[in-house]
Amino acid sequence: MRYLNQEEKKNSRELWEEAFPEDSRSFDDYYFEEKLRDNRILAEERGGNIIAMVQLNPYKVRLRERICSLSYIVGVATRADERHRGHMRRLLLRMLEDMNRENVPFTFLMPAAEAIYRPFDFRFIYDQPHLRFGDGSRAGEAPAEETASASGEASPAGVAWEEIPLPLTAQAAEEISRWQMENLTGRFEVCTVRDEAYVRRQMLELASEAGCLGICRDRAGNILGMESWWGFEKREQRFLYAVPGLAEEARPATPAIMARIVNLREFVKSISLEETAPASEMDFIIEVKDGLIPENDGVFRWSLDRLGSRLELSGERPEFSADIGTLCQWLFGYKIPGGLPERGGWIRPLRGVFLDEAV
């Protein structure tokens, strides 16, 4: 088991195409040209051939007031004739061990099935919203050349659609990244950093599947929202971002992203006390059960203030006990655990998660 060097990464394409036959050739061309520039691939080999792999794609993620370098897990695959032999388990455990040593607070993925990753203590932390613009105007369910609604048609709300040609110009990339950053970071404490490099790659991904992008502006030219569609045979909405009140729910949100706390001490630096807590500082004794990462397992004195918190091992009797998966959902603000004592309610989880990455 080892990380492939840059030249060897391209050898993972055969396994990728076997494991993910639903991807188009043009999308695979994009992925292997673009994503392999800076990702890591942990692989098991036999006879010089890759038989199992995990790909770790880097993202900068805002974790409240901190910017962390994290890995988004994709391409978890085992060759058909090598399955059910423990390859995936060995790869994921090695990956978690390495991330813990590198002080990575958490990692995340979009599961093919929840049951695959629950044994590794991944839990859902983000539900994908399914939105549409309230006035019914759309950026285009058809390819861009067939789209009418993204070409400047005025809507009843007094806004206008503008179709954005792909690839982006430097000016468009700067404007779109600035708006995405302002729109998302103003509403969510956990989201990827939408700099120009992110947006350019996002649009290359979109273009790989005949995507189109429309931007909604007010009369003064300010961006109010943006929507993209992609797909050769079946057109699907890739994303819709909008200022509050402009979009509405098309159907209920669905669980989409699972996360796993990797280095608990590093993660809790972003967790603080609620402003309504009766004191500005508090020690909370918690037992954390993590059967995969020993450094996260034990009884800890959790010292919190208004800015953050820290952990140190303790021999005291715990006030509350939780496994690492339950703790993950609580601290991401996804689900409050049962049996939490009143003092536990003074701990402030992260507020607002937005992670809609595809790869």
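Below or above, wherever it landed, is the structure these notes cover.

Basis of the calculations
- Residues numbered from 1 in each chain as written.
- Predicted model: local features only at pLDDT ≥ 70, side-chain atom pairs only at ≥ 80, totals over all residues.
- Heavy atoms only, no water.
- Core = buried A, V, L, I, M, F, W, Y, C linked by side-chain atoms within 4.5 Å.
- Buried < 20%, exposed > 50% of the residue type's maximum accessible area, 1.4 Å probe, protein only.
- Contact = heavy atoms within 4.5 Å.
- Helix = DSSP H or I, 4+ residues; strand = E, 2+ residues; numbered from the N terminus.
- Pairing = 2+ DSSP bridges.
- Axes fitted to C-alpha atoms, helices over the stretch in contact; angles between N-to-C directions.
- Disulfide = S-S within 2.5 Å.
- Polar contact = N/O pair within 3.5 Å; in protein donor to acceptor, adjacent residues only side chain to side chain.

Comments concerning the nonpolar core
One finds Phe 106, Trp 302 and Phe 332 to be the most contacted residues of the largest nonpolar core, which totals 98 residues. Once residues lying within four places of it in the same chain are set aside, the contact partners of Phe 106 are Val 61, Leu 63, Leu 70, Val 190, Ala 259, Arg 260, Ile 261, Val 262, Phe 267 and Phe 332. One finds Val 159, Cys 216, Leu 224 and Leu 246 within the second-largest nonpolar core, a separate group that totals eight residues.

Observations regarding unusual backbone geometry
Trans is the prevailing form of peptide bonds, just as negative phi is the prevailing case for residues other than glycine. The omega torsion across Leu 166 and Pro 167 is 0°, close enough to zero to call that bond cis. Along the chain, Pro 167 turns up in the loop between strand 7 (160-164) and helix 5 (170-185). The phi angle at Asn 103 is positive, at roughly 60°, despite the residue not being glycine. The partly exposed category is assigned to Asn 103, whose relative accessible area is 43%. At Ala 210, a position not held by glycine, the phi torsion is positive, near 55°. Taking relative accessible area as the criterion, Ala 210 reaches 29% and is therefore assigned partly exposed.

Describing the sheet that holds strand 16 (residues 309-313)
A sheet is described by the order of its strands in space; here four strands give the open sequence 16-15-14-17, paired in mixed fashion. Of all strands in the sheet, those bounded by a partner on one side alone are strand 16 and strand 17 (320-323). On average, each strand axis in the sheet is inclined to that of its neighbour by 35°, with strand direction left out of account. Against the sheet, helix 8 (residues 324-331) engages strand 14 (281-289), strand 15 (298-305) and strand 17, with an angle of about 100° to strand 17.

Points about the state of the cysteines
Under the definition given, this model contains zero disulfides. Free cysteine: Cys 191, not disulfide-bonded; nearest cysteine sulfur from Cys 68 at 12 Å. Considering cysteine sulfurs only, Cys 216 is the nearest to Cys 212, which forms no disulfide, with 15 Å between them.

Notes on the side chain of Gln 55
Along the chain, the position of Gln 55 falls in strand 3 (residues 49-63). On the basis of relative accessibility, which here comes to 0%, the residue Gln 55 falls in the buried class. In this structure the side chain of Gln 55 is engaged in a polar contact, spanning 3.1 Å, whose partner is the side chain of Asn 39. Residues contacting Gln 55, with those up to four places away along its chain left out, are Ser 12, Trp 16, Tyr 31, Leu 36, Asn 39, Arg 40, Ile 41, Tyr 72, Ile 73, Val 74 and Gly 75.

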